[in-house]
Amino acid sequence: NIQHVIDDELNKALETFNATGGGALLMNAKNGEVLSLVSLPNFNINTRVNIKDKNYINKITKGVYELGSIFKTFTIALALEKNLVSPETIIKNIPRKIKCSVHEISDIKQFPKDLSVEDILIRSSNIGTLMLAKKIGERDYRSFIKETHLLNTPELEIEELGTPLSFKWNKCKLETISYGHGIAVTPLQATATYAALVNGGNVIKPTIIKKEKYQDNKKIISSKTSKKINAILRKVVTEKEGTASLANIYGYDVGGKTGTSQKYGNENENLNTFISVFPS
């Protein structure tokens, strides 16, 4: 039933946004159990002519994408976990643009010069996030990426799995990764990392096999940080300045983060992502 409902909604969304394809994944954040997985466009297995058409790949497990601003949550979580800031800490004098090597990084909208840490995520400021990443430093950010297994081929009981693109920690890598550019992963891995951020910090392993009980795994953040992240993700949906107010569905307490990026290798195509948790 869940699979049917999500397939139906995703098909409607593709029409609304005039999109060429889409994918949706519903996972139990406490134990990694995949409750639904949809990838569109779909095909009839009896009449599929060309098996090589990339349009039909499983976008959730095989597709490798730059997922944009949903990565900002990782940066904020890390800054909170390292006790560098609290959600209320004000970051002052955030510039409109920052020059990094030959690149110029800016925000899409004009934000106030001073923003609290939670506002940086609620409003989705690239520069604010980048400033927090610099406080964290490359060493700690690297070790976080390693602990989350974001750059490993995901493990799941199906064959169609994508390998994230490898990259070098060169100039500007810390800055761009902080807001989700220059790093390409599968939506499955991003979801697993979010699950850990919101479930109390416990690393989970995605599975399509029903799990009776939840095993305690290693933690990537503390329960305290996880609570703070849940509260901020809820505000992304409920606050006027938040980027995800359309997701504020009565009775579900949805929290989440939006992301927009250009499709890797094709600047004419945009990729829109929404990753959410309920009840937050």
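Further up the page is the structure itself.
Below is a short write-up of the structure.

Moving on: the overall build of the protein chain. Scanning the protein chain from N- to C-terminus turns up 8 helices and 10 strands. The C-alpha atoms of the protein chain give 18 Å as radius of gyration, which agrees with the globular expectation for 280 residues (19 Å, within 12%). Reported as C-alpha extents along the three principal axes, the dimensions of the protein chain are approximately 60 × 45 × 35 Å. Within the protein chain, the proportion of its 280 residues that are buried is 48%. For the protein chain, the proportion of contacts with a sequence separation of at least 24, taken over those separated by at least 6, is 64%.

We now examine the packing of helix 2 (residues 72-81) against helix 7 (residues 187-198). For the pair helix 2 and helix 7, interaxial distance at closest approach is 11 Å and the crossing angle is 30 degrees. In this structure, helix 2 crosses over helix 7, and the sense of that crossing is left-handed. Between helix 2 and helix 7, the residues in contact are Thr73, Phe74 and Ala77 and Ala190, Thr193, Tyr194 and Leu197, respectively. The class makeup of the residues in the contact of helix 2 with helix 7 is 5 nonpolar, 2 polar and no charged.

Turning next to unusual backbone geometry. Residues Leu40 and Pro41 are joined by a peptide bond in cis, for which omega reads 5 degrees. By secondary structure assignment, the location of Pro41 is in the loop between strand 2 (34-40) and strand 3 (65-66). Residue Pro279 is bonded to the preceding Phe278 through a cis peptide linkage, with omega at -15 degrees. Within the element layout of this structure, Pro279 appears in the segment after strand 10 (266-277).

To continue, consider the pairing of strand 1 (residues 22-27). Pairing analysis gives 6 bridges linking strand 1 to strand 2, with the strands arranged antiparallel. Bridge pairing in strand 2 links Gly22 to Leu40. Here strand 1 folds back onto strand 2, and the loop between the two strands holds 6 residues, one of which, Gly32, carries a positive phi near 80 degrees.

On to the nonpolar core. Residues Phe74, Ile76, Leu132 and Tyr141 are the most contacted members of the largest nonpolar core, which totals 58 residues. No other element matches the 6 residues that helix 2 contributes to this core. Counting residues in hydrophobic clusters, the runner-up holds 11 residues, among them Leu25, Leu37, Ala192 and Ile204.

What follows is about the packing of helix 2 against helix 5 (residues 138-147). Two quantities define a packed helix pair, namely the angle between the helix axes and the distance between the axes. Where helix 2 meets helix 5, the closest approach of the two axes is 11 Å, and the angle between their N-to-C directions is 115 degrees. For the pair helix 2 and helix 5, the crossing hand works out as right-handed. Of the residues in helix 5, those touching helix 2 at Phe74, Thr75 and Leu78 are Asp140, Tyr141 and Phe144. For the contact of helix 2 with helix 5, the per-class residue count stands at 4 nonpolar, 1 polar and 1 charged.

Moving on: the environment of Ile94. Mapped onto the secondary structure, Ile94 falls in the loop between strand 4 (90-91) and strand 5 (97-100). Owing to a relative accessible area of 8%, Ile94 belongs among the buried residues under this scheme. Separated by 18 residues in sequence, Ile94 and Pro112 have C-alpha atoms that sit 8.0 Å apart. Aside from chain neighbours lying at most four places away, what touches Ile94 is Lys113, Leu115, Ile120, Ile127, Gly128 and Met131.

Rules of the game
Residues numbered from 1 in each chain as written. Predicted model: local features only at pLDDT ≥ 70, side-chain atom pairs only at ≥ 80, totals over all residues. Heavy atoms only, no water. Helix = DSSP H or I, 4+ residues; strand = E, 2+ residues; numbered from the N terminus. Rg over C-alpha atoms; globule rule 2.2 N^0.38 Å. Buried < 20%, exposed > 50% of the residue type's maximum accessible area, 1.4 Å probe, protein only. Contact = heavy atoms within 4.5 Å. Axes fitted to C-alpha atoms, helices over the stretch in contact; angles between N-to-C directions. Left-handed = near helix turned anticlockwise from the far one by under 90°. Nonpolar A, V, L, I, M, F, W, Y, C, P; charged D, E, K, R; others polar. Pairing = 2+ DSSP bridges. Core = buried A, V, L, I, M, F, W, Y, C linked by side-chain atoms within 4.5 Å.

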